[in-house]
Amino acid sequence: MDSCLLLGIGALAVVGFLIKKYLNKSVNKADYPKDTVILHQLGSGPYCPSLSPFVIKVETYLRMNKIPYKNEYDRVMSSKGKTPWIQYNDDVMPDSHFIIQYLKNKFNIKINDKLTPEQKATGASFTHLVEDHLYWGLLLWRSVYDKNKTIFRMIGLNSIILWIFERKARSVCHAQGQGRHTRTETIQLIEDDLRFISNFIGNKKYFLGDNPTETDCAIFGQLCQFVWQTPDSPMETSIREKYTNLIDYCERIKSRYWPDWDELITRGNNNNKK
Ligand SMILES: N[C@@H](CCC(=O)N[C@@H](CS)C(=O)NCC(=O)O)C(=O)O
């Protein structure tokens, strides 16, 4: 076999090992406290407590409903290969949507009960807009179109890992469809979504009115990434200049449910990270 090919295979094996090591620290088998939700997640982000909008969604829901929980920053992925997932006593639940359904039943949560069927449909539709459309723009921006890879560099990822992340993101975003658009088109799609959300929120306190609901967890999880965790991006500029009610909305949820936000972010200091 050609020695270049052998070298290539060796390099790929090392890179694969490094990524596996980064993502799959073994689960801490320590006894978790009883009747406490264990939220498995990756580490903190520089400006939000997680780089994952889905983790922020679940943690906001736990806080909003005063459910006892503990974070486990073990970087272990769920059985579906994604983050987040939870454990509660002997139960294990992956995926933010199913986690929230599970918690709602387990803790008899009524937060959405006063909503009309139309409001519920609107909430679900916007949740899909942010999770199945806007999120892909975020992923493309961070992993592909932000040439400096600012956020990933701030969590200490080196150039080899960044290269692998970009390749993986290009591949999954291409399969999903949004990865086929240019940088300009992608930014336009993100801008359009931000405008729709901004117009819908208008002067309301929360997404569906005066009271917080499940939808706010999903919307806040994604929006806070654009408001605080896409530095030096065209989206950050648009929000500051045109969609300032998104900042007010995020600030409102942050101050109500995340008084410890500043203690949970790294500001790029990875010695401090969770
Ligand atoms: N439908 C899932 C989506 C979760 C998700 O996409 N998580 C991302 C991080 S933000 C992930 O784990 N990506 C790893 C991968 O796709 O390999 C949920 O709602 O929890």
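Residues numbered from 1 in each chain as written. Predicted model: local features only at pLDDT ≥ 70, side-chain atom pairs only at ≥ 80, totals over all residues. Heavy atoms only, no water.

The name an unreviewed UniProt entry assigns to the chain is Failed axon connections homolog, from the organism Patella caerulea. In UniProt, the chain has this text filed under Sequence similarities (unreviewed entry): "Belongs to the FAX family." (UniProt positions renumbered as here; feature names shortened; annotations may be inferred.)

The ligand sits among Ser52, Pro53, Phe54, Met77, Gly81, Lys82, Thr83, Pro84, Asp95, Ser96, Tyr135 and Lys168. Within the side chain of Lys82, an N or O atom sits 3.2 Å from an oxygen atom of the ligand. Residue Ser96 places a side-chain N or O atom 2.5 Å away from an oxygen atom belonging to the ligand. Here the ligand has 510 Å² of accessible area as a free molecule, and 77% of this is covered by the chains. Here the residues of the shell around the ligand are counted per class, giving five nonpolar, four polar and three charged. (Near = heavy atom within 4 Å. Polar contact = N/O pair within 3.5 Å; in protein donor to acceptor, adjacent residues only side chain to side chain. Areas by Shrake-Rupley, 256 points an atom, 1.4 Å probe, with all protein chains shown as cover. Nonpolar A, V, L, I, M, F, W, Y, C, P; charged D, E, K, R; others polar.)

Our focus in this paragraph is the pattern of salt bridges. Here the structure, examined in full by the defined rule, presents 12 salt bridges. Among the ionic pairs, Asp260 bridges to Arg63, the shortest N-O distance being 2.8 Å. Taken together, the positions of Asp260 in the loop between α10 (244-257) and α11 (261-264) and Arg63 in helix α2 (residues 53-64) put the pair 197 residues apart, joining distant regions of the chain. For Arg170, the salt bridge is made with Glu166, and the minimal N-O distance between the two is 2.9 Å. You can see Arg170 and its partner Glu166 sitting in helix α6 (residues 159-176), four residues apart, about one turn around the helix. Note on Arg170: relative accessible area 43%, which makes it partly exposed. (Salt bridge = Lys/Arg side-chain N within 4 Å of Asp/Glu carboxyl O. Helix = DSSP H or I, 4+ residues; strand = E, 2+ residues; numbered from the N terminus. Buried < 20%, exposed > 50% of the residue type's maximum accessible area, 1.4 Å probe, protein only.)

Another point: the packing of helix α7 (residues 183-201) against helix α9 (residues 234-241). Remark: α7 packs on α9, axes separated minimally by 10 Å, with the N-to-C direction vectors making an angle of 30°. Here α7 lies roughly parallel to α9, going by the angle between them. For the element pair α7 and α9, the recorded crossing hand is right-handed. Residue-level inspection shows Ile187, Ile190, Glu191 and Leu194 of α7 in contact with α9, the latter providing Pro234, Met235, Ser238 and Ile239. Counted by class, the contact of α7 with α9 contains six nonpolar, one polar and one charged residues. (Axes fitted to C-alpha atoms, helices over the stretch in contact; angles between N-to-C directions. Parallel < 35°, antiparallel > 145°, perpendicular 65-115°, else oblique. Left-handed = near helix turned anticlockwise from the far one by under 90°. Contact = heavy atoms within 4.5 Å.)

Let us look at the packing of aromatic side chains. Between two aromatic rings, the relevant description is the distance of the centres plus the angle of the planes. The final tally for this structure, using the stated rule, is 11 aromatic pairs. Centre to centre, the rings of Tyr135 and Trp136 are 5.8 Å apart; their planes meet at 75°, and the pair counts as edge-to-face. By relative accessible area, which is 19% here, Tyr135 ends up buried. Relative accessible area serves as the criterion here: at 16%, Trp136 is assigned to the buried category. These aromatic residues form a ring-pair network of at least three members: Phe220, Trp228, Trp258 and Trp261. One Lys or Arg, Arg63, reaches over the ring of Trp258 and ends 3.9 Å from the middle of that ring. The cationic tip of Arg195 hangs over the ring face of Phe196; the distance from NZ or CZ to the ring centre is 5.5 Å. (Phe/Tyr/Trp six-rings, centres within 6.5 Å; stacked < 30°, edge-to-face > 60°. Lys NZ or Arg CZ within 6 Å of the ring centre and 35° of its normal.)

A separate point is the environment of Trp258. Locating Trp258 in the fold gives a position in the loop between α10 and α11. By relative accessible area, which is 1% here, Trp258 ends up buried. Those residues in contact with Trp258, other than ones at most four positions away along the chain, are Pro49, Ile56, Glu59, Thr60, Arg63, Phe220, Ile253 and Leu264. A distance of 3.2 Å separates the side chain of Trp258 from the side chain of Thr60, its partner in a polar contact.

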